[in-house]
Amino acid sequence: MNTFSSIINSSDRKSILVTGCDFFSGYMIAHTILKMKGKHFHRVIVGFYKENELVHLLKQQGAEPVNLSIDDCDGIVRAYSMADIVVVVPPVSDDKWCDGDPCVYLHAAEKANVKGLVLCSKTNIKELGSLPYIKPLCKMEEAFGKIKDRVKVTSLMRCSIHIDMLWLFRRQIATDRQICLSADKNAKFVPVVEADGALGLYNMLVDPKFPPGTYELTGPGSVDFNDVAQSVSSAIEMDISYNQVDRDDVVEYLKAKTGVCHNVAEFIGDMLEAVSMGLLDKKTDDLRKLLGKTPMSVMDYMHKNASDFKPNH
């Protein structure tokens, strides 16, 4: 059976390209690979739509940045031709995310004769496709299904909602002592930590015991946002409450206070709506197998990153 590790081992250039690196998921995947640079990959190329702090950080870590756009399929093909393996993180920050054709990121892999292709998606994607800012990702999965047999090795990595999004609200937590999001406080979901998901993907790429295929990455247990608030309270030793607010309030807060673009803010709004709809309460064992250990829980994550959420940080 062909595996991603066999592609790496047979290549002289040992190069990988990760798209969407101006978005948190893409950044964390590239960051994880760069920490291991030289062990399996000698060249790490990071694709982005708009250069931001995340891209600057990756450049400092030794990545080669390349500007990619949904409107420039030829440019994507040229970038892909430099890589043995391409990891497609959805280009949510692109202005054409909703009214363009993000599937060019999949079709370009075939045109560039990429040997290995990974698409990062979301758990329960068919049901999530009813949400406007997640719908383009549903279309990308459909395109992936059509071309995957024409690429040597492919995998589909579906993740649940990332608990790391709380980091965007850290000032709110520290100042107002509350978490203000649009999700139903009683809705259960199974969040995953970005770093765990990224390491699981990396292990799938480099360890021959993990075959290509579909992986569903979730955390270790189901929680609601009341539980999340209790975990934050425990970690920072302050009483933190959860307050459900309108979606528009969350989107405007993200745009005004965190610097994320409109599409990313709306994508987060859609993910929170998916929590309220009960669409992200699926737990699997895939990530534990890829990591060789139990993934971090919300409590684990908060205690590890407690200093980021305390006042005066």
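Residues numbered from 1 in each chain as written. Predicted model: local features only at pLDDT ≥ 70, side-chain atom pairs only at ≥ 80, totals over all residues. Heavy atoms only, no water.

## A closer look at the overall build of the protein
Right, so step 1: If you tally the helices and strands in the protein, you get 15 helices and nine strands.
Right, so step 2: Its C-alpha atoms give the protein a radius of gyration of 19 Å, near enough to 20 Å, the size a compact globule of 313 residues would have.
Right, so step 3: Its C-alpha atoms give the protein principal-axis dimensions of roughly 55 × 40 × 35 Å.
Right, so step 4: Counting every position in the protein, which comprises 313 residues, the buried fraction comes to 59%. (Helix = DSSP H or I, 4+ residues; strand = E, 2+ residues; numbered from the N terminus. Rg over C-alpha atoms; globule rule 2.2 N^0.38 Å. Buried < 20%, exposed > 50% of the residue type's maximum accessible area, 1.4 Å probe, protein only.)

## Topic: the pattern of salt bridges
Pairing between side chains of opposite charge can happen when their charged atoms approach one another.
Right, so step 1: For the structure on display, the rule yields 16 salt bridges.
Right, so step 2: A salt bridge links Asp-84 to Arg-13; the nearest nitrogen and oxygen atoms lie 3.0 Å apart. Pair noted here: Asp-84 is in the loop between helix 4 (73–80) and strand 4 (85–88) and Arg-13 is in the loop between helix 1 (4–10) and strand 1 (15–18), with a separation of 71 residues, a long-range link.
Right, so step 3: When the shortest N-O distance is used, the salt bridge between Glu-216 and Lys-282 registers 4.0 Å. (Salt bridge = Lys/Arg side-chain N within 4 Å of Asp/Glu carboxyl O.)

## Remarks on the sheet that holds strand 2 (residues 43–48)
The strands making up a sheet associate through hydrogen bonds between their backbones, and the pairing can be parallel or antiparallel.
Right, so step 1: If you trace the seven strands from one edge of the open sheet to the other, you get 3-2-1-4-5-6-8, paired in parallel fashion. Two strands bound the open sheet, and with one partner strand each, they are strand 3 (64–67) and strand 8 (214–217). Adjacent strand axes in the sheet meet at a mean angle of 20°, parallel and antiparallel pairs treated alike.
Right, so step 2: Two strands pair when backbone bridges link them, and strand 5 (residues 116–122) and strand 6 (residues 153–159) are joined in this way by seven bridges, in the parallel orientation. Each bridged residue has a counterpart across the sheet, and for Ser-121 the counterpart in strand 6 is Arg-158.
Right, so step 3: In the packing of helix 7 (residues 135–147) onto the sheet, the strands contacted are strand 4, strand 5 and strand 6, and the crossing angle to strand 5 comes to about 150°. (Pairing = 2+ DSSP bridges. Axes fitted to C-alpha atoms, helices over the stretch in contact; angles between N-to-C directions. Contact = heavy atoms within 4.5 Å.)

## Quick word on the pairing of strand 5
Right, so step 1: The element strand 5 is largely enclosed, with a buried count of seven among its seven residues.
Right, so step 2: Of the two faces of strand 5, the one holding Gly-116, Val-118, Cys-120 and Lys-122 and the one holding Leu-117, Leu-119 and Ser-121 are both buried throughout.
Right, so step 3: Looking at chain direction, strand 4 and strand 5 are connected through four bridges and run parallel. Looking at the pairing, Ile-85 lines up with Gly-116 of strand 5.
Right, so step 4: Taken together, strand 4, helix 5 (residues 104–111) and strand 5 constitute a β-α-β crossover, and its handedness is right-handed. (Right-handed = clockwise from strand over helix to strand, strands pointing away.)

## Some details on the packing of aromatic side chains
Right, so step 1: All chains considered together, the criterion is met by five aromatic pairs.
Right, so step 2: Centre to centre, the rings of Phe-225 and Tyr-242 are 5.0 Å apart; their planes meet at 10°, and the pair counts as stacked. Here Phe-225, found in helix 10 (residues 225–236), pairs with Tyr-242, found in strand 9 (residues 241–244); they are 17 residues apart in sequence, far enough to count as distant.
Right, so step 3: Its relative accessible area of 11% is what places Tyr-242 among the buried residues.
Right, so step 4: Linked through ring pairs, Phe-23, Phe-24 and Phe-267 together constitute an aromatic cluster. (Phe/Tyr/Trp six-rings, centres within 6.5 Å; stacked < 30°, edge-to-face > 60°.)

## Concerning the environment of Ala-30
Right, so step 1: Secondary-structure assignment places Ala-30 in helix 2 (residues 24–35).
Right, so step 2: Sequence-wise, Ala-30 and Ala-63 are 33 residues apart; in three dimensions their C-alpha atoms are separated by 8.1 Å.

## Section: helix 9 (residues 194–206)
Right, so step 1: Over its 13 residues, helix 9 extends 19 Å from the first C-alpha to the last, a length consistent with the 18 Å expected when each residue adds 1.5 Å.
Right, so step 2: For helix 9, the buried fraction is high: eleven of the 13 residues fall into the buried class.
Right, so step 3: For helix 9, every residue scored as buried is listed here: Glu-194, Asp-196, Gly-197, Ala-198, Gly-200, Leu-201, Tyr-202, Asn-203, Met-204, Leu-205 and Val-206. (Expected span 1.5 Å × (residues − 1).)

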